[in-house]
Each structure stands twice: as C-alpha cells, then as structure tokens.
Amino acid sequence: MNTAQNRDYDVLVVGGGPTGLLLAGDVAAAGLRVALLEKRTEESELTRAFAVHARTLEELDARGVADELLGTGARLTSLSLFGAVRVDMSKLPSRFPELLITPQYQTERVLLGRALDAGATLLRGAEVTALRQDADAVEVDAVVDGGTVTLRAAYAVGSDGVRSTVRRLLGVDYPGESAISSVMLADVQLDTEPEDVLTVGASRQGFAFMAPYGDGWYRVIAWDHAEQLPDSAPVDFEAMSRLVTSVLGKDYGLRDPRWTSRFHSDERQATSYRVGRVFLAGDAAHCHSPAGGQGMNTGLQDAANLSWKLVAAVRGWAAPGLLDSYQAERHPVGAHVLRTSGGLLRLSIGQSAPLRLARGLAKALGSHLAPLARRGGMEVSGISVSYREQAPAGSHRLVGDRAADIDLTSADGDKAPTRLYEALREGRFVLVGPAGSADADGSAEFPDDWCDRVVTATAPSLTSEWVLVRPDGYVAWAADNPTPAQVRAGLTAWLGN
Ligand SMILES: Cc1cc2nc3c(=O)[nH]c(=O)nc-3n(C[C@H](O)[C@H](O)[C@H](O)COP(=O)(O)OP(=O)(O)OC[C@H]3O[C@@H](n4cnc5c(N)ncnc54)[C@H](O)[C@@H]3O)c2cc1C
C-alpha cells in the first residue's frame, strides 16, 4: 500500500481516464501535491476514442507531448461525416491542420507518463466511495485492498466518467436522454485493407465505421436501425459483418473478432460543474453521441481550463471569481458539443422524411458544401472555441479568444522558446508584445512573486498589441499600444499583487 495515502494533498483527482490524467499532470507540473485515485488496478486496454482533434493537439503541444502522440497514429486532413459531407481540416488556422487517429490508450499512456514524471501520486485500485467538504478542505474515502483510506486536500476533481460517483455524492443532477442504443463494437482483422484511414458510411439500414489500431487490428462500430437490443445482448458477428458490408458497399472481409460488445450513448450534462471545493470534468460533466469524436477532446479541454485555476487558488493568487469561471466557460462549450454531436447523429441515422431529404441534399451538393465543411472543421476540431462571451464588457477584441501559435523573437538565452506554445510549456501566463518594445512591460519592476506566474516575450507578428495569454492558451488581457502602467494593471488583474 502506498505510504502517501494519509498525507495531505493540494488536489485529489478521482478517475484516471484522459481527463484526470491531463489534469493531474498539470497540477503536479506546477509543483502541487496531487493524488490521482483510479479504481482500476491495470491500465485500460479498452479503446473508445480514436480521434484527437487540432485544439487538443495544441494543448498537448503546450505540454510538450504532442509530437510523442502524433508518432502513434495516422494523420488525416479530412473527416467524413455521415458518409456524405467531408469536413476539411487542412485549412484550419493551426499548427495541426489535421485529425490524429490513434487509440485512446495511446493518449492515456502519454498523459500518464507525463503525470508520473511530474510527480503525481497514482493510487491504483482505489475506488472513491464517500466525500465530505467544509470551508477549508475536501476529504474523500477510497476503498483500497478491502480497507478504507481517507485523503484530504484543498480541492478535488471528479473525472470519474459518465457514471461518476463524485457527481452522485455531490447530488448534482445529470439530466438528458438516450442518444443512440444497441451500437455494436468489434475488434477484428480484415482481409482487405481499407483505402482510407477512417472508413465511414451510412444508409437507411444503419451506419458503419472502421478505424485502425495500427497493429493490424481494426475497431468496427456498426448500428442496425432494425435491431434495437439491450447492451447485455451478445453481438451476432456474422450479422454485424453483413451489415457493415451492406452499409459500406464493399466486403472488407471482417474476421477473427477478439472482442465484441454493445453499447448505448446518452446525451447528458451536469447542471453544475462545481460544488464548493469539488469540480466535475470530462464525461462526469457531459456525455454525448460519439459522432464527431469530441467526448475525450472536450474532457481534455475541460482539464486544461481548470488545472491552472486550481494552481492559482492553491498558491493564493487566484483573481476573485476565477474558480467559478470554469463553469462559466466550460458549461456552454459542453452544451454546444451536446447539440452539434446530437445533430450530426440524428442527421446520420434519422429515418424521418426531412432527415432523409437533408442527407440526400448533402450528398447531392457534395463539394458545393465547402464553406460548411470548413466551418464544421473549425467546430469539430475545437479551434473555434472562444470564451469571448464571458469576457468583461469593454474588453479588447482579442480577450477570450484562443491564442494562435506565433513565433517569438526576443526571449533571452539559447534555450528561449521560439514560439508561443513552447513558452506555454512553463505552465505560466505568457505576456507577448511587439518586437522592439521590450521595455513597455516594465518587467524590471515586476514583483518577484510574478516570476512563477508569467513569462515575457516579444513577437514579430504583433504590431501594436500586447497580449497576455493564459496557461491554457486563451487571451486573458490585451491592449493596443499600452503604457507600462496599463500592462501592469492587466497583469495585476490576473496575477494578483
Ligand atoms: C464507441 C465510442 C467511441 C468514442 N470515440 C471518441 C472519439 O473518437 N473522440 C473522442 O474525443 N471521444 C470519443 N468517445 C468518448 C470518450 O471515450 C470519452 O469521452 C472519454 O473516455 C472520457 O474521458 P474521461 O477521462 O472523462 O472519463 P473515462 O475515460 O470514463 O475515465 C474515468 C475513469 O474514472 C475511473 N473511475 C470511475 N469511478 C471511480 C471511482 N469511484 N473511484 C476511482 N476511479 C473511478 C474509471 O475506472 C475510469 O478510468 C467515444 C466513446 C465511445 C463509447
């Protein structure tokens, strides 16, 4: 049994899926004491998500692990939605104008390695069963090796998936409805290798999807409109193969299934992402149809939004309302993903006359849908996510927007970052001004305490703007040609005195 169990922590993370792993890695990298409690005793071999979108790759780049993950999969520049419209990723205004196809366990492996390297304490086989909180701390009880241990921390995060125990213990509602049921899964070998990395098709009969694991095995997902069975019903592999052949219009020779299963998917969202010192993130906060492959991606971005806010709160310099901004910023994003992924799913499987017409139109219009396909790419990739609506009235036009990666020029020393997302790897804010205006930040007068909160740099692409970028890559503050006093005021609002 781990000796650290009864020690105090700064943050407890319940659930070691992708969301919890990213979050634990972030707070550990910032030097906080974090325990990650995971009820499984082994690493998960179950793969659900295959798609890693551009914004997630940017967030991973800001943690120095994007290249490692990119090396595990195949990179696509377009994605076919419901077998008709191709969403174009190649024009995304991102360093990663693509979609990475890699099994979820690879993403988890990379994030686990990072969290452990950063010093997170991982408690495997620890199932959280109870939670209490008061004005000073939160305590959780976890069953480990048949006994109960209690851990205490300043904050806790429930990233324990769709059936979240933390959410239940908090008494937070998770209203919604079933999106789709009786979806069949199988891991198989194929006689004929598909032409595309992702093979997707839909017809009146149902839909089918095939993605590679990269080691010769394929994940096949299929749904038969005429056969609605409970999750517990076994999969008839021969019938599933016939459906896949019919929907895709080609027989790929599915064989040797090593695993089959049936699942259903709900569309639900927690009514509150925060109760006192406890937060919900990832599937614990929202779940939706897998259409568009956004579940894991949205959870990872929840984690990126929350982690630095927890660090600021534990260190004592969080601006008033900063912790509440997690719900204010991420709840609308979750609601939007619910709507769009649900819309996609209904368009893909719906049997009503208007839906069939819409699908037929989409097919008929084909390449004429280019603008829609581009907009779809911005949406589904997470690149268009912005917190502008939550910015205070009168804020600069850039505030709340995602900060694009830009080249940096003036940071000192050979090891200085050469672009913004390298600078973000410090886990701090980055203050960037136009090249040649290095004095305007008044950096000589920065309080010593700010050194662990902000990095300063200049960028040739900026002409008049000074931009303060948050650790999660969104613009906190910006101004055109500010005076040193204005820059200082902008920094003070976010970094404290
Ligand atoms: C078929 C399918 C395909 C999908 N494809 C995609 C895709 O392509 N792209 C995408 O982005 N998303 C996809 N998703 C969704 C994606 O898999 C989930 O959104 C993602 O796994 C959520 O991550 P999470 O960390 O929030 O939760 P989870 O991955 O569910 O992790 C929760 C963890 O908490 C642990 N836990 C639970 N209860 C406790 C407890 N009481 N104490 C301690 N530990 C606990 C669990 O063991 C688990 O490890 C797909 C889902 C399905 C079903």
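I will try to describe carefully the structure that is included in this document. Remember, it's a predicted structure, so these values are computed and weren't measured experimentally.

Glancing now at the packing of aromatic side chains. Under the criterion given, the structure shown has 11 aromatic pairs. Between the aromatic rings of Tyr155 and Phe279, the centroid separation amounts to 6.3 Å while the plane-to-plane angle is 55°, which identifies the pairing as tilted. Of this pair, Tyr155 sits in strand 11 (residues 147–158) while Phe279 sits in strand 18 (residues 278–280), and the two are 124 residues apart along the sequence. For Tyr155, a relative accessible area of 10% puts it in the buried group. Aromatic rings pair up to connect Tyr155, Tyr273, Phe279 and Tyr326 into one cluster. The side chain of Arg277 reaches across the aromatic face of Tyr155, ending 5.1 Å from its centre.

This part is about the sheet that holds strand 12 (residues 176–190). If you trace the six strands from one edge of the open sheet to the other, you get 13-14-15-12-16-19, paired in antiparallel fashion. Since the sheet does not close on itself, it has two edges, and those belong to strand 13 (199–202) and strand 19 (286–287), each with one partner. Bridge analysis of strand 16 (residues 254–269) against strand 19 gives two bridges, and the strand direction is antiparallel. Paired with Gln269 across the two strands is His286, which belongs to strand 19. The strands that helix 6 (residues 237–248) touches are strand 12, strand 13, strand 14 (206–212), strand 15 (218–224) and strand 16; relative to strand 15, the one it contacts most, it runs at about 85°.

A word on the site of the ligand. Not every one of the 31 residues close to the ligand is listed here, only the nearest: Glu38, Arg40, Arg48, Asp283 and Met296. A distance of 2.7 Å separates an oxygen atom of the ligand from a polar atom in the backbone of Met296. Bound to the protein, the ligand loses 90% of the 1000 Å² it would expose on its own. Mapped onto the shell around the ligand, the elements with two or more residues apiece are helix 1 (18–29), strand 2 (34–38), strand 9 (126–133) and helix 7 (295–315).

With that settled, consider the sheet that holds strand 7 (residues 99–101). Here we have three strands laid out as an open sheet, ordered 3-7-4, and antiparallel in their pairing. Among the strands making up the open sheet, the edge pair consists of strand 3 (51–52) and strand 4 (74–76). In the sheet, strand 3 pairs with strand 7 via two bridges, with the strands oriented antiparallel. Bridge assignment links Val52 to a residue of strand 7, and that residue is Leu100.

Next up on the list: the packing of helix 1 against helix 7. Where helix 1 meets helix 7, the closest approach of the two axes is 8 Å, and the angle between their N-to-C directions is 25°. Regarding the angle of helix 1 to helix 7, the classification is roughly parallel. With respect to the hand of their crossing, helix 1 and helix 7 are arranged in right-handed fashion. Contact residues: helix 1 offers Pro18, Thr19, Leu22, Leu23, Asp26 and Val27, while helix 7 offers Met296, Gly299, Leu300, Ala303, Ala304, Leu306, Ser307, Leu310 and Val311. For the contact of helix 1 with helix 7, the class distribution of residues is 11 nonpolar, three polar and one charged.

Definitions and cut-offs
- Residues numbered from 1 in each chain as written.
- Predicted model: local features only at pLDDT ≥ 70, side-chain atom pairs only at ≥ 80, totals over all residues.
- Heavy atoms only, no water.
- Phe/Tyr/Trp six-rings, centres within 6.5 Å; stacked < 30°, edge-to-face > 60°.
- Helix = DSSP H or I, 4+ residues; strand = E, 2+ residues; numbered from the N terminus.
- Buried < 20%, exposed > 50% of the residue type's maximum accessible area, 1.4 Å probe, protein only.
- Lys NZ or Arg CZ within 6 Å of the ring centre and 35° of its normal.
- Pairing = 2+ DSSP bridges.
- Contact = heavy atoms within 4.5 Å.
- Axes fitted to C-alpha atoms, helices over the stretch in contact; angles between N-to-C directions.
- Near = heavy atom within 4 Å.
- Polar contact = N/O pair within 3.5 Å; in protein donor to acceptor, adjacent residues only side chain to side chain.
- Areas by Shrake-Rupley, 256 points an atom, 1.4 Å probe, with all protein chains shown as cover.
- Parallel < 35°, antiparallel > 145°, perpendicular 65-115°, else oblique.
- Left-handed = near helix turned anticlockwise from the far one by under 90°.
- Nonpolar A, V, L, I, M, F, W, Y, C, P; charged D, E, K, R; others polar.

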